[in-house]
Amino acid sequence: MLLGCIGDDFTGSSDLANTLAKGGMRVTQYTGVPEGPAAPGVEAGVVALKSRSVPVAEAVEKSLAALDWLLGQGCTQIFFKYCSTFDSTPAGNIGPVAEALAERLGEDAVIVCPAFPATGRSIYQGHLFVADRLLSESGMEDHPLTPMTDADLRRWLAPQTNWRVGHVGTDTVFQGADAIAGALAAQVPAMVVVDAIRDVDLIEIGRAAQTRKLITGGSGVALGLPANFRETGQIGESPTDWRPEVGRAAILSGSCSTATQEQVARYAAGSPACEVTAEAVMEGSLTSESLAAWARDKAAPLIYSSADPATVRAAQDRFGREQVAGAIEALFAELARRLVTDGVRRLISAGGETSGAVVEGLALTALEIGPEIAPGVPAVRAADRPLTLALKSGNFGGPDFFGDALSVLGHD
């Protein structure tokens, strides 16, 4: 194994795995830290954790355990993957995890770059944009767990780390890899926010990071990494061999993002759909058993908990934020188990926390990476059973994503 990757959620990890597979690397995504060695021939291993919103100490502990396993597989470079909307709070978890990984590896300049222009995320003058809006005006300011109220990544990251926070601006990035590498070296030790507004910028950043032990960011900055290993003759080309699945389908959505709400509305207008409210879950009037029974005779049903921000806040105020999130995640985990037991062979999950709960609920240990459904969202196949999945970050995909994903995953 050459490149070791640590993702702070499951959708982001499959996004990264997709980027690396498209770049020609043989990629396997693992659910949590594997207990034994990797199978032969894996060039990039992606350890998917559920560490984005857990307490800081737990996130650091899990990430260091993943690092130790990846180093044990022979990895020469580590990539810490977080969301392209930099989902975090002033306490963490991005800064503390990046700092802990850097100190364990002996790295002194850490690239911080969540940009992903293909999905509308760009960084200019240290500020993160979603399409033509600042992150803090994109809807992410209403995120129920990690409200992003400041688009300046330097200001947002500074309280999360003991390291100095630096910056490499577009003027330097446009000059290419050598200029970027020089700017990084001039700022050590530091966490360095690097601007990127085009895919070519990400490729140059990847080239500049060739000798770095640690890189952090969204999956976009990994665009340039496979070429580094190919340039040194360590990898060749590894085309994906995808096998669609035949069987029943279901869709689970727990994201409250604007994009997912539109996808839910579009799909529910012409297909069976059932809304899961926080009140119904907390009061016990909706259970995984009743939802599975409702879905049993439906064609590709959608079960969703994707309320608007005001509704979410009202439920959190009544029952408690962590209590609501935990109850809904537990419901989706158990529901996924029941659906697969009932014969579902194609499963779509929208939302990072929801997808993490689904993957853990199904006890999936490794996922094969398939074709891209939408930028940042690959189809994946469970390595140990006849099941294909799409694990979608809340903000990703177009309005018809659910229908597009069903087609890629297989057919009835």
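Provided above is the structure to which this section pertains.
Description of the structure in this document. No experiment lies behind these values; they were computed from the predicted model shown.

**Overview of unusual backbone geometry**
With the exception of glycine, most residues fall at negative phi, and the peptide bonds are largely trans. Omega for the peptide link from Gly92 to Asn93 comes to 15 degrees, which places this bond in the cis form. As for its placement among the helices and strands, Asn93 is situated in the loop between strand E4 (77–81) and helix H3 (94–105). Omega for the bond connecting Val188 with Pro189 falls within 30 degrees of zero, at -10 degrees, which places this linkage in the cis form. Residue placement: Pro189 occurs in the loop between helix H6 (177–185) and strand E10 (190–194). In the Ramachandran plot, Gln125 falls in the positive-phi region, its phi being about 55 degrees despite a non-glycine side chain.

**Overview of the packing of aromatic side chains**
Evaluation of the coordinates by the stated rule reveals 6 aromatic pairs. Aromatic side chains Phe116 and Phe396 sit 6.3 Å apart centroid to centroid with 75 degrees between the ring planes, which places their arrangement in the edge-to-face category. Taken together, the residues span a long stretch of sequence, with Phe116 in the loop between strand E5 (109–113) and strand E6 (121–124) and Phe396 in the loop between strand E19 (388–392) and helix H15 (401–409) at a distance of 280 residues. Across the pair, exposure class does not vary: Phe116 and Phe396 are buried alike. An aromatic cluster is built from Phe80, Tyr82 and Phe86, whose rings are joined through pairwise contacts. The ring of Phe401 is capped by Lys392, whose NZ or CZ atom sits 5.8 Å from the centre of that ring.

**Observations concerning the pairing of strand E11 (residues 214–217)**
Put simply, side chains in a regular strand alternate between the two faces of the sheet. The two faces of E11 match: Leu214 and Thr216 on one face and Ile215 and Gly217 on the other face are all buried. As defined by bridge partners, E4 adjoins E11 across 4 bridges and the pair is classed as parallel. Paired with Lys81 across the bridge in E11 is Gly217. The sheet contact formed by E5 and E11 spans 3 bridges and is parallel. Note on E11: the bridge partner recorded for Ile111 is Ile215.

**Here's the deal with a nonpolar patch on the surface**
On the surface, Tyr124, Phe174 and Ile197 cluster together into a nonpolar patch covering about 280 Å² of accessible area. Residue position: Ile197 is located in the loop between E10 and helix H7 (199–208).

**Quick word on the side chain of Gln263**
Take Gln263: it is sitting in helix H9 (residues 258–268). Classification of Gln263 by relative accessible area gives buried; the value is 1%. If we ignore the near neighbours within four places in the chain, the residues touching Gln263 are Lys392, Phe396, Gly397, Gly398, Pro399, Phe401 and Phe402.

**A look at the pattern of salt bridges**
In total, this model carries 27 salt bridges according to the counting rule given. Close ionic contact of Glu329 with Lys50 constitutes a salt bridge, the shortest N to O distance being 2.7 Å. With a gap of 279 residues between them, Glu329 in helix H13 (residues 321–341) and Lys50 in the loop between strand E3 (44–48) and helix H2 (56–72) connect regions that are remote in the sequence. Both residues of the pair, Glu329 and Lys50, belong to the buried class. Close ionic contact of Arg338 with Glu334 constitutes a salt bridge, the shortest N to O distance being 3.3 Å. Of this pair, Arg338 and Glu334 both sit in helix H13, 4 residues apart, which is roughly one turn of that helix.

**Re the state of the cysteines**
Enumeration according to the criterion identifies 0 disulfides in this entry. As a non-bridged cysteine, Cys113 has Cys83 as the owner of its nearest cysteine sulfur, 13 Å distant. With no disulfide partner, Cys274 has as its closest neighbouring cysteine sulfur the one in Cys256, 16 Å distant. Residue Cys274 is classed as buried on the basis of its relative accessible area of 16%.

**Description of the environment of Leu286**
Considering the arrangement of structural elements, one finds Leu286 in the loop between helix H10 (278–283) and helix H11 (288–295). Taking relative accessible area as the criterion, Leu286 reaches 19% and is therefore assigned buried. Separated by 11 residues in sequence, Leu286 and Glu275 place their C-alpha atoms 10.0 Å apart. If sequence neighbours within four positions are ignored, Leu286 has contacts with Glu275, Val276, Ala280, Val281, Leu291 and Leu331.

**Things to note about the packing of H2 against H3**
At their nearest, the axes of H2 and H3 sit 9 Å apart, and the two run at 35 degrees to each other. By crossing handedness, the relation of H2 to H3 is classed as right-handed. Here Val56, Ala59, Val60, Ser63, Leu64, Leu67, Asp68 and Leu71 of H2 lie close against H3, whose contacting residues are Pro96, Val97, Ala100, Leu101, Arg104 and Leu105. Tallied by class, the residues present in the contact of H2 with H3 amount to 11 nonpolar, 1 polar and 2 charged.

**Describing the sheet that holds E6**
In sheet architecture, strand pairing relies on hydrogen bonds along the backbone and comes in two forms, parallel and antiparallel. Pairing is antiparallel in the open sheet, where 3 strands are placed in the order E6-E7-E8. The sheet is open, and its two borders are formed by E6 and strand E8 (133–134), each paired with just one other strand. Here 4 bridges tie E6 to strand E7 (residues 127–130), and the two strands are oriented antiparallel to one another. Considered in E7, the bridge of Ser122 is made with Phe129.

**Brief notes about H9**
Because each turn of an α-helix spans 3.6 residues, side chains separated by three or four positions in sequence point in the same direction. Taken residue by residue, H9 has Ala259, Thr260, Gln263, Val264 and Tyr267 as its buried positions. Projected down its long axis, H9 carries its buried residues within an arc of 135 degrees, all on one side. Where the residues of H9 are buried, they touch strand E13 (248–253), strand E15 (302–304), strand E16 (344–350), E19 and H15.

**A short note on the nonpolar core**
Of all hydrophobic cores here, the largest spans 115 residues; its most connected members are Phe86 and Leu347. Residues within four places of Phe86 in sequence aside, it is in contact with Ile94, Val112, Pro114, Leu128, Met148, Leu153, Trp156 and Leu157. In terms of nonpolar packing, the next biggest core, distinct from the first, is built from 22 residues, Trp242, Ala350, Val377 and Leu406 among them.

Cut-offs used in this document
- Residues numbered from 1 in each chain as written.
- Predicted model: local features only at pLDDT ≥ 70, side-chain atom pairs only at ≥ 80, totals over all residues.
- Heavy atoms only, no water.
- Helix = DSSP H or I, 4+ residues; strand = E, 2+ residues; numbered from the N terminus.
- Phe/Tyr/Trp six-rings, centres within 6.5 Å; stacked < 30°, edge-to-face > 60°.
- Buried < 20%, exposed > 50% of the residue type's maximum accessible area, 1.4 Å probe, protein only.
- Lys NZ or Arg CZ within 6 Å of the ring centre and 35° of its normal.
- Pairing = 2+ DSSP bridges.
- Patch = residues over 30% accessible without salt bridge, like charges linked within 9 Å, V, L, I, M, F, W, Y side chains within 5 Å.
- Areas by Shrake-Rupley, 256 points an atom, 1.4 Å probe, with all protein chains shown as cover.
- Salt bridge = Lys/Arg side-chain N within 4 Å of Asp/Glu carboxyl O.
- Contact = heavy atoms within 4.5 Å.
- Disulfide = S-S within 2.5 Å.
- Axes fitted to C-alpha atoms, helices over the stretch in contact; angles between N-to-C directions.
- Left-handed = near helix turned anticlockwise from the far one by under 90°.
- Nonpolar A, V, L, I, M, F, W, Y, C, P; charged D, E, K, R; others polar.
- Arc of directions from axis to C-beta.
- Core = buried A, V, L, I, M, F, W, Y, C linked by side-chain atoms within 4.5 Å.

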